[in-house]
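# Structure assessment
Here's the letter readout for the chains.
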Amino acid sequence: MQISTVLLIILAAVVSLCIAVFQYFYKVKRQKSSVWLTILRFISIFSALLLLINPKFTKEEYYIEKANLIVLTDNSTSIPKLDGDIEVLESVDKLKASNALSEKYTINSYTFGKNIEEGDSTRFNESITNVARALNSVNEIYENSSNVIVLLSDGNQTLGTDYEYLNLSKNLHIYPIVVGDTTTYLDLRVNQVNVNKYTFLKNKFPVEANILYTGNSPVNSIVRIYLDGKQVFRELVSFRNNNSSKTINALIEASSVGIKSLKIEVDVIDNEKNKTNNIKEFAIEVIDEKTNVGLVTSITHPDIGALKKVIEANEQREVQILNPNASEEILENIDVFILYQPNTTFENIYSFLEKRGGGKFTITGTKTDWNFLNKVQSNFKKDSYNQLEEVIAVKNQGFGLFDISGLSLLGFPPLESGLGELNILKPYETIATQRIKGVDLDTPLFFVINDNSRREAVLAGENIWKWRVQTYRDERSFKNFDDFIGKLLLYLSEVKQKSRLNLDYENLYDGNSLSKISASYFDNSYTFDANANLNLKLNKLESSFTRESPMLLKGSSYEYSLEDLESGTYEFTVTASKEKISKSGKFKILDFDLENQFLSANYKKLRRLSDKNRGQTYFPNHVDELIDELTNDNRFTPIQKSKRNVVSLIDFRYLLILMVLTLSAEWFIRKYNGLL
């Protein structure tokens, strides 16, 4: 305690005594209780002044701080496969049993695979090795102290950032113990495969595969690609000591729709020990890119046949001529609707499109019911006078939503339309304007409305078949007109149809360690519903295995983990129980263990890690040398440190209680003696 504080306490005592004596002895008739009252008043005032002074003293504590010795053990399945499990257990036991280490270090044990776990319960059952995550976790836990990591691993990582390039703390020193067989064997393996997840029917899709060779002598082998079990590609490859990598490029034809299983295989060479990495399987989904066009009409007209002919000129489009009262089940399969001269019978169609969205092409003419059309939709209106009018189209050269340069319209015959003023109520782009009786009007004849998910093209006139005929007269080919209609339909079909239940999953999983199914569910206003009940039903095709389970909400999606499933092919259905909305899928889990792909421990990589992080690499038979090194290393000598604690001399709570007691006693005595 400082001298100034002591002097203040003495001064406070003197002042308190003076005030108390002055109040009860100076110019006051002395009473029998004056001495007690003076003592009580002194204590009250002195306590109040002590609270203001708040005297403190400093307490110095000394302690020994040891460096941390972190034993980090690889718990993956590759350790016993490389004959390193016994070495790991014996090395850990030696480190923990060393008295010299326990005197100098604070020893902490962890195991790791996909994640890091505290303790030394080593079972070698992890199917994923993430060395980088383990090192980063230890670096964060022991950030502000001197640390030594003894890393027992084969150095082979199957997930995460490359641990060789981690930037760890400068007070972290890494001493790897390389476990497992370090012998280099002859090996051919399929390394990286690049292929698209989807392709279109009758297209050829590219497959790129990287084949790696480990060895010194020249070898030859054959790479084969199988599609659903049938060989579709074969190539001879040669490797030399200075040429240990080959890239295979193949084009495979997609001849049928569905999920296709592909397998890349490189033939086994003589004396090759690991044969599991000679094969890699993957999957691709072949999609039929046909656009289903629904041509809805309640009348017969030459335009119907012409439009069907134009649209189906491209094999990737198909037309269904539909009655306006077609069932919703049929309408669900339509990508783009052509509404030809709508009337009151189209109410069902417009109701369906309002609910689902999507693109539509509306053609009006002499049989169009404008009273109904004005009422059922809000994109455009027309005051019809029930009088026919011949309208010539004038091309808008500034149209820019898609290319219409091939469409001439010059000299094209007029279309028939009803007389009346057309008002367009949404943003639009004009393809062609109207010319009536030689007068060019600013009124659109052919235009496109883009209203978010409700793209619509409108042609305000019938007899478009005459335009196609005129194109053939001018050019001796229907191509330019057909291409224009094709581009229009492509533009309209690009609108995404709304779906309240969406699934996200892979068709093929390389083992089940990271496999999961995700789903997103939306309410009637297409807002994500976090209170939905999504249930998943799972069936294995090769057996009678079934499972039903709810999906768990994680952030903005629902998930179900497949990590506990055995290899095989599964079908599943996700159902929203409230509204009975469901979607199904199919996937395959391969009998694949990435840890099996390694033939030997990666000694060189571990050595580079230790060199970068101020350590040294050892082998299990040199653990005693490691113990001696760590015991004698002066960088990790225990340090005596002191901790200074500033403590209040008196607890203010006790002083307050004492003040309350003394003031109360003083008041009671004064009251009892009639001094108040």
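As a reminder, the structure under discussion sits directly above these lines.
Residues numbered from 1 in each chain as written. Predicted model: local features only at pLDDT ≥ 70, side-chain atom pairs only at ≥ 80, totals over all residues. Heavy atoms only, no water.

## Quick word on the overall build of the protein chain
Put simply, the rule is: Where helices and strands are cited, they refer to DSSP runs of H or I of at least four residues and of E of at least two residues respectively, numbered from the N terminus. What the globule rule says is 2.2 Å times the number of residues to the power 0.38, and the radius of gyration is computed from C-alpha atoms. Any residue under 20% of the maximum accessible area for its type is buried, any over 50% is exposed, and the rest in between are partly exposed; the area is computed with a 1.4 Å probe on protein chains only. By definition in these notes, contact holds between two residues if any of their heavy atoms fall within 4.5 Å. In short, Shrake-Rupley with a 1.4 Å probe defines the accessible areas, and a residue's cover is counted only from the protein chains shown.
From N to C terminus, the protein chain includes 15 helices and 33 strands. Relative to the globule expectation of 26 Å for 676 residues, the C-alpha radius of gyration of the protein chain, 43 Å, shows a markedly less compact shape. Dimensions along the principal axes, computed over C-alpha positions, put the protein chain at roughly 130 × 95 × 50 Å. Across the 676 residues of the protein chain, 43% fall into the buried class. For the protein chain, contacts bridging at least 24 residues in sequence account for 72% of all contacts bridging at least 6. When the accessible surface of the protein chain is summed, it comes to about 35,700 Å², and 49% of that surface belongs to carbon and sulfur atoms.

## Re the packing of aromatic side chains
Defined as follows: Any two rings among Phe, Tyr and Trp, with Trp reduced to its six-membered ring, count as a pair given centres within 6.5 Å; such a pair is stacked if its planes are under 30 degrees apart, edge-to-face if over 60, and tilted if neither. Counting as a charge over the ring demands two things of the Lys NZ or Arg CZ atom: a distance within 6 Å of the ring centre and an angle within 35 degrees of the ring normal.
Tallied over the full model, the rule gives 23 aromatic pairs. One aromatic cluster is present, built from ring pairs that chain together Tyr 505, Tyr 509, Phe 545, Tyr 570, Phe 572 and Phe 587. Above the face of the Phe 478 ring, Arg 468 is positioned so that its terminal group lies 3.9 Å from the ring centre. Residue placement shows Lys 605 over the ring face of Tyr 163; its charged tip is 5.3 Å from the ring centre.

## Quick notes on the pattern of salt bridges
This is how the line gets drawn: We count a salt bridge whenever a side-chain nitrogen from Lys or Arg sits within 4 Å of a carboxyl oxygen from Asp or Glu.
In this structure the tally under the stated criterion is 24 salt bridges. Taking the shortest distance from any N to any O, the salt bridge between Glu 666 and Arg 41 comes out at 2.3 Å. A residue pair is termed long-range when its members are at least 10 positions apart, and Glu 666 in helix α15 (residues 652-672) and Arg 41 in helix α2 (residues 34-53) qualify at 625 residues. Take Glu 666: its relative accessible area is 2%, and that puts it in the buried class.

## Observations concerning the nonpolar core
Cut-off, in case you're wondering: Buried Ala, Val, Leu, Ile, Met, Phe, Trp, Tyr and Cys residues that are joined via side-chain atoms within 4.5 Å together make up what is termed a nonpolar core.
Membership of the largest hydrophobic core comes to 39 residues, with the highest contact counts inside it found for Ile 338, Phe 361, Phe 446, Leu 459 and Trp 467. Ranked by residues supplied to this core, first place goes to helix α12 (residues 479-493) with seven residues. Contacts of Leu 459, omitting those with residues within four sequence positions, involve Phe 361, Thr 362, Ile 363, Thr 364, Leu 415, Leu 445, Phe 446, Ile 464 and Trp 467. Judged by nonpolar contacts, the second largest core, of 30 residues, contains Ile 225, Val 237, Ile 264 and Ile 284.

## With respect to the sheet that holds strand β9 (residues 204-214)
What counts, and what does not: At least two bridges found by DSSP between two strands is the condition for calling them paired. Note on geometry: axes are C-alpha line fits, over the in-contact stretch for helices, and angles between N-to-C directions span 0 to 180 degrees.
Spatially, three strands are ordered β7-β9-β12 in an open sheet, and the strand pairing comes out antiparallel. Of all the strands in the sheet, the pair left with one neighbour each is β7 (187-195) and β12 (245-253). The mean inter-strand angle of the sheet, taken between neighbouring strand axes irrespective of direction, is 25°. Strand direction decides the pairing type here: β9 and β12, joined by nine bridges, are antiparallel. What sits directly across from Ile 211, in β12, is Lys 246.

## Notes on a nonpolar patch on the surface
Cut-off, in case you're wondering: Each patch is assembled from residues with relative accessible area greater than 30% and no salt bridge, linking like charges that lie within 9 Å and nonpolar side chains (Val, Leu, Ile, Met, Phe, Trp, Tyr) that lie within 5 Å.
There is a patch of nonpolar side chains on the surface, built from Leu 17, Val 21, Phe 25, Val 35, Trp 36 and Ile 39 and spanning about 530 Å² of accessible area. For the nonpolar patch, the secondary-structure elements that each account for two or more residues are α1 (3-25) and α2. Locating Val 35 in the fold gives a position in helix α2. With relative accessibility at 38%, the residue Val 35 sits in the partly exposed group.

## Looking at unusual backbone geometry
Look at Asp 228: it is not a glycine, yet its phi comes out positive at around 50°. Mapped onto the elements, Asp 228 comes out in the loop between β10 (219-227) and β11 (230-239). For Asp 228, a relative accessible area of 44% translates into the label partly exposed. The phi dihedral of Asn 271 is positive, around 65°, even though this residue is not glycine.

## Topic: the sheet that holds strand β13 (residues 258-266)
Taking strand neighbours across the sheet as the criterion, the five strands line up as β8-β14-β13-β10-β11 in an open arrangement whose pairing is mixed. Single-partner strands in this sheet number two, and they are β8 (198-200) and β11. Averaged over all pairs of adjacent strands, the angle between their axes in this sheet comes to 25°, without regard to strand direction. Across five bridges, the pairing between β10 and β13 is antiparallel. Across the sheet, residue Tyr 226 finds its bridge partner in β13, namely Lys 263.

## Details of the side chain of Asn 139
Note on placement: Asn 139 falls in helix α6 (residues 131-141). We classify Asn 139 as buried; its relative accessible area is 14%. Setting aside anything within four residues of it in sequence, one finds Asn 139 in contact with Leu 168, Ser 169 and Leu 172.

## Digging into the pairing of strand β30 (residues 557-561)
By the criterion of burial, β30 is predominantly enclosed, with four of the five residues buried. As judged from the four bridges shared by strand β26 (residues 516-521) and β30, these two strands associate in the antiparallel manner. The partner of Ile 517 across the bridge, within β30, is Tyr 560. Inspection of the sheet shows strand β29 (residues 552-554) paired to β30 by three bridges, in the antiparallel sense. Within the sheet, the bridge partner assigned to Leu 552 lies in β30 and is Glu 559. Counted between consecutive antiparallel strands, the loop separating β29 from β30 contains two residues, among which Gly 555 sits at a positive phi close to 70°.

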